[in-house]
Amino acid sequence: MRIHRVVTTAVALALSLTIGVGVAASATAPSDSRPSAAHDAVRFELPEPTGRKPVGSTELHLVDHERPDPWADGRDRELMVSVWYPARSTREYPRQPYLQPGTARFVDESDPFRLARPGEVDWAAIRTDAAATPPADHHGRRPVVLYSPGLQSFRALGTSTAVELASRGYVVVTIDHTYEAPAVEFPGGRVELQKPMSGVEGLKKAIDTRVRDTRFVLDQLDVLRDGGNPDAEGRRLPNGLGRALDLDRIGMFGHSGGGATAAEAMRADRRIDAGINMDGTLQYSKTEFLPVAREGLDRPFMLMGKADQTHLNKPSWQSFWDRSTGWKRDLSLERGSHFSYTDAQSFVPALDEYLDIPAQTREQYIGTVDPGRSTAQRAYVTAFFDQHLLGRPRRLLDGPSPSHPEVRFVR
């Protein structure tokens, strides 16, 4: 991973706010020997995509005028999504920011776990490997894959996998769930912050809202494919973007609460053909499972967990596994941790060069798996969608690979 002077804190922001994860603030406090704010900020760059296609990106502001927002009285439900797609050419187009300015400012200033002081991370300067709004590649329609982030987390944490898939021929749509995400920036610089949420009822409300968000996004992609512009401001879209969408081949993946969302959205909406749950529990409480865990699925689905999250030792995953009749796999990232399935696996190691992060804290974020090898998990995500959306069998999914010894086939 390429590192410049600037560092990161979004992982900390999300870590204790995701389904199945709890980290005490005291465990994340760095020592007094970290750099002072006078030091130059540190910038990181995510791993480069391995596919052959250049990648473009654009944002859509989507408003559901038929659904009142469950978190904000008197408002229609509105979302921000990013679309990552194979581009015709990215020459002379600027790189897409990792975070929009208002969101970057929020992340810099909030710092709830004190991994970095304000100004130590130049969030606004970090760029992705995608270009901003170039024309879409015109060689046929592309399968569409949706991404949902962890509970109370940012869609940005799935960027490197989204760009990887786009470089290999997919259109990927990453979703922020407004008022549950820590901060969502809308056109014009308006930033909407998280609303209070607690307890089992709050969790049920969040999952229900996320599933409705997902189905609404699919509806708006229908509009885009058919030649319309679903953006609430009517902003100009990249040339050819709608024609690039193949909505007869749809997949979904998500991290933590987003993985639960992917499974539950598949149960509720048969437009989604295949899905992946990255380390997300499928239960509201110790005794109450999500409907999808009680019923299972009849379409391809892959579970990807850290070492202690498999269908053999997690009751909700076991219930889902036993009741699912479609193609299925359970993979375990040995020595990985919960946020190993996000961009954190790439950029948290950079913190050690500039901040004195306790080993316990680093391990809670990303485990002890080699960071460079861990990002190979993208190969399994791509192989899964190649096999189940493109109809191209992938041997990587048949059993353990000597190229990826950190990935264990549970079954």
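Since the structure is predicted, the reported quantities are computational estimates derived from the model, not experimental observations.

Peer 1: Help me get a handle on the overall build of the protein chain, residues and values and all.
Peer 2: From N to C terminus, the protein chain includes 11 helices and 13 strands. Excluding contacts between residues fewer than 6 apart, the proportion of contacts in the protein chain whose partners are at least 24 apart in sequence is 80%.

Peer 1: Help me get a handle on the nonpolar core, residues and values and all.
Peer 2: If you look at the biggest cluster of nonpolar residues, it comprises 51 residues, and the most contacted ones within it are Val144, Leu146, Val173, Val217, Leu221, Leu282 and Phe320. The dominant element in this core, judged by the number of residues it contributes, is helix H4 (residues 199–225), at nine residues. Within the second largest apolar cluster, 30 residues are counted, among which are Tyr147, Leu165, Val172 and Tyr380.

Peer 1: So, empty space enclosed by the protein: which residues are in play, and what are the values?
Peer 2: This model, assessed by the stated rule, comprises five cavities of 30 Å³ or more. A volume near 190 Å³ is recorded for the largest cavity. Looking at the largest cavity, it is lined by 18 residues, and the ones nearest its centre are Glu59, Tyr98, Leu99, Gln100 and Arg155. For the lining of the largest cavity, the secondary-structure elements that each account for two or more residues are strand S1 (55–68), strand S2 (76–86), strand S3 (95–97), strand S6 (171–176) and strand S7 (183–185). Computed from the structure, the second largest cavity encloses a volume of approximately 100 Å³. Together, 14 residues line the second largest cavity, and Ser160, Thr161, Thr342, Gln377 and Arg378 are the ones closest to its centre. Elements with a minimum of two residues in the lining of the second largest cavity: helix H3 (159–167), helix H8 (344–354) and helix H11 (377–389). In the lining of the second largest cavity, the residues fall into three nonpolar, nine polar and two charged.

Peer 1: Explain the side chain of Gln387 to me, and be specific about the residues and the numbers.
Peer 2: Structurally, the position occupied by Gln387 is in helix H11. In this structure, Gln387 is in contact with Trp327, Arg392, Pro393, Arg394 and Leu397, ignoring residues within four places of it in sequence.

Peer 1: I'd like a rundown of the packing of H4 against helix H5 (residues 257–268), residues and numbers included.
Peer 2: Put simply, H4 and H5 touch, their axes get as near as 9 Å, and they point 60° apart. Regarding H4 and H5, the two cross each other, and that crossing is right-handed. Seen from H4, the contacting residues are Ile207, Arg210, Val211, Thr214 and Arg215; seen from H5, they are Gly257, Gly258, Ala260, Thr261, Glu264, Ala265 and Ala268. Here the contact of H4 with H5 is built from residues that sort into five nonpolar, four polar and three charged.

Peer 1: Report on the sheet that holds strand S5 (residues 142–148), specifying residues and quantitative values.
Peer 2: Hydrogen bonds along the backbone pair up the strands of a sheet, which may run parallel or antiparallel. One open sheet holds the 11 strands; their spatial order is S3-S4-S1-S2-S6-S5-S9-S10-S11-S12-S13, and the pairing between them is mixed. Looking at which strands have only one partner, the edges of the open sheet turn out to be S3 and strand S13 (407–409). On average, each strand axis in the sheet is tilted by 30° relative to the strand beside it, whichever way the strands run. Taken together, the two bridges between S1 and strand S4 (residues 127–132) define a ladder with parallel strand orientation. Bridge pairing in S4 links Ser57 to Ala132. Docked against the sheet, H4 engages S1, S2, S5, S6 and strand S9 (245–255), running at close to 115° with respect to S1. Each of S5, S9, strand S10 (274–278) and strand S11 (301–306) touches H5; the most contacted strand, S9, lies at about 140° to it.

Peer 1: Residue-level account of the environment of Arg75, with values.
Peer 2: Looking at where Arg75 falls in the secondary structure, it is placed in the loop between S1 and S2. The exposure class assigned to Arg75 is partly exposed, which follows from its relative accessible area of 37%. Sequence separation between Arg75 and Val63 is 12 residues, and the spatial gap between their C-alpha atoms is 9.9 Å. Residues contacting Arg75, with those up to four places away along its chain left out, are Arg67, Pro68, Asp69, Tyr179, Arg190 and Glu192.

Peer 1: An account of the confidence of the model for the protein chain is requested, with residue identities and associated values reported.
Peer 2: The share of residues in the protein chain with pLDDT of 70 or more is 85%, and the mean pLDDT across the chain is 86. A low-confidence stretch, residues 1–39 stays under pLDDT 50, and its non-local contacts, those more than four residues away or across chains, total 134 contacts.

So, how was this worked out
- Residues numbered from 1 in each chain as written.
- Predicted model: local features only at pLDDT ≥ 70, side-chain atom pairs only at ≥ 80, totals over all residues.
- Heavy atoms only, no water.
- Helix = DSSP H or I, 4+ residues; strand = E, 2+ residues; numbered from the N terminus.
- Contact = heavy atoms within 4.5 Å.
- Core = buried A, V, L, I, M, F, W, Y, C linked by side-chain atoms within 4.5 Å.
- Buried < 20%, exposed > 50% of the residue type's maximum accessible area, 1.4 Å probe, protein only.
- 1 Å grid on protein atoms, 1.4 Å probe; cavity = no way out; pocket = protein on both sides within 12 Å on 5 of 7 lines; lining within 4 Å.
- Points joined across faces, edges and corners; volume = space filled by probe spheres on them.
- Nonpolar A, V, L, I, M, F, W, Y, C, P; charged D, E, K, R; others polar.
- Axes fitted to C-alpha atoms, helices over the stretch in contact; angles between N-to-C directions.
- Left-handed = near helix turned anticlockwise from the far one by under 90°.
- Pairing = 2+ DSSP bridges.
- pLDDT = per-residue confidence, 0-100.

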